[in-house]
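Letter by letter, the chains look like this.
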Amino acid sequence: MQEEQEFIQELLNPKTQNQAFQKLLKEYQKPLYNHIRNILLNHDDTDDVLQNTFVKVFQNLNKFKGESKLFSWMYRIATNEALTFLNHKAKLGGVSSETLQSKAIDNLKADIYFDGNEIQIKLQKAIIQLPEKQQLVFKMKYFEELKYEEISEILGTSVGALKASYHHAVKKIEAFVTTN
């Protein structure tokens with residue numbers, strides 16, 4: 001924890017800020033990209049939201065109180081940015097976010113950044129049937145292999161509630177996959 005606080009001080013100090021931010025980008029760019037991509041399913045949208053996330057992190061670093069880990073705080077920003085983007089894009093298109101996600105899944109086959117097969121596409125179709133919170137919990141646990149404690153910090157939900165959400169999500173996905 002001491003090491004993280006020192007790193008945050010480096011990020012806030014104008015003399016060490018650039019080098020520290022490069023380190024932050026190097027360490028968190030890929031995991032945050034994957035996290036946002038799991039929500040948006042589209043590479044170009046993910047790149048935009050990832051950039052917005054790092055801008056927000058940089059702009060709000062002085063407000064970070066250290067009540068959670070830096071990692072959790074950044075993931076919360078990325079999650080909020082991705083959900084806001086998804087809802088905004090759906091609203092602009094005059095469709096629901098579920099319809100937008102469904103179209104994104106249909107476009108996955110043509111996406112050069114997606115290396116999945118029919119089973120992964122079926123899994124994505126099952127996931128978008130879930131309520132938003134169950135989607136997030138499932139994706140963070142299943143795809144990103146985050147611990148419940150980490151997800152709890154990111155989403156501000158108890159570990160018990162997360163375990164229940166994940167369990168319900170798995171049951172719904174199993175039912176969808178076996179009937180479709």
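Preceding block: the structure.
Rules used in this analysis
Residues numbered from 1 in each chain as written. Predicted model: local features only at pLDDT ≥ 70, side-chain atom pairs only at ≥ 80, totals over all residues. Heavy atoms only, no water. Helix = DSSP H or I, 4+ residues; strand = E, 2+ residues; numbered from the N terminus. Buried < 20%, exposed > 50% of the residue type's maximum accessible area, 1.4 Å probe, protein only. Contact = heavy atoms within 4.5 Å. Salt bridge = Lys/Arg side-chain N within 4 Å of Asp/Glu carboxyl O. Arc of directions from axis to C-beta. Axes fitted to C-alpha atoms, helices over the stretch in contact; angles between N-to-C directions. Parallel < 35°, antiparallel > 145°, perpendicular 65-115°, else oblique. Nonpolar A, V, L, I, M, F, W, Y, C, P; charged D, E, K, R; others polar.

## Notes on the environment of Ile-154
(1) Moving on: Position of Ile-154 relative to the elements: it lies in helix H8 (residues 148–155).
(2) Moving on: On the accessibility criterion, Ile-154 (2% relative accessible area) is buried.
(3) Moving on: Along the sequence, Ile-154 and Ala-78 sit 76 residues apart, while their C-alpha atoms lie 9.8 Å from each other.
(4) Moving on: Apart from residues lying up to four places away in sequence, Ile-154 is in contact with Phe-71, Ser-72, Tyr-75, Arg-76, Thr-79, Met-140 and Leu-146.

## Concerning the side chain of Thr-79
(1) Moving on: Along the chain, Thr-79 falls in helix H4 (residues 70–93).
(2) Moving on: Taking the relative accessible area as the measure of exposure, Thr-79 reaches 2% and is therefore buried.
(3) Moving on: Excluding anything up to four places from it in sequence, Thr-79 contacts His-35, Ile-39, Leu-136, Ile-154 and Leu-155.

## Considerations on the pattern of salt bridges
(1) Moving on: Evaluation of the coordinates by the stated rule reveals three salt bridges.
(2) Moving on: We note a salt bridge from Lys-89 to Asp-45, for which the minimum N-O separation is 2.5 Å. With a gap of 44 residues between them, Lys-89 in helix H4 and Asp-45 in helix H3 (residues 43–60) connect regions that are remote in the sequence.
(3) Moving on: Look at Lys-89 and you get partly exposed, because its relative accessible area is 32%.
(4) Moving on: For Asp-45, a relative accessible area of 13% corresponds to the buried category.
(5) Moving on: Its salt-bridge partner being Lys-171, residue Glu-174 comes within 3.9 Å of it at the nearest N-O pair. Of this pair, Glu-174 and Lys-171 both sit in helix H9 (residues 159–179), three residues apart, which is roughly one turn of that helix.
(6) Moving on: For Lys-171, a relative accessible area of 45% translates into the label partly exposed.

## Some remarks on H8
An α-helical turn contains 3.6 residues, so any two residues separated by three or four positions project in the same direction.
(1) Moving on: Along H8, the residues classified as buried are Tyr-148, Ile-151, Ser-152, Ile-154 and Leu-155. Taken down its axis, H8 places every buried residue within 165° of arc, on the same side.
(2) Moving on: Packing partners of the buried residues in H8 comprise H4, helix H7 (132–142) and H9.
(3) Moving on: Positive phi appears at Gly-156, one or two residues downstream of H8, with a value of about 65°.

## Considerations on the packing of H7 against H9
(1) Moving on: H9 packs onto H7 with a crossing angle of 90° between their chain directions and a minimal axis gap of 9 Å. When the axis of H7 is compared with that of H9, the two are roughly perpendicular. Contacts between H7 and H9 involve Gln-134, Val-137, Phe-138, Lys-141 and Tyr-142 on the former and, on the latter, Leu-162, Ser-165, Tyr-166, His-168, Ala-169, Val-170, Lys-172 and Ile-173.
(2) Moving on: Counted by class, the contact of H7 with H9 contains eight nonpolar, three polar and two charged residues.

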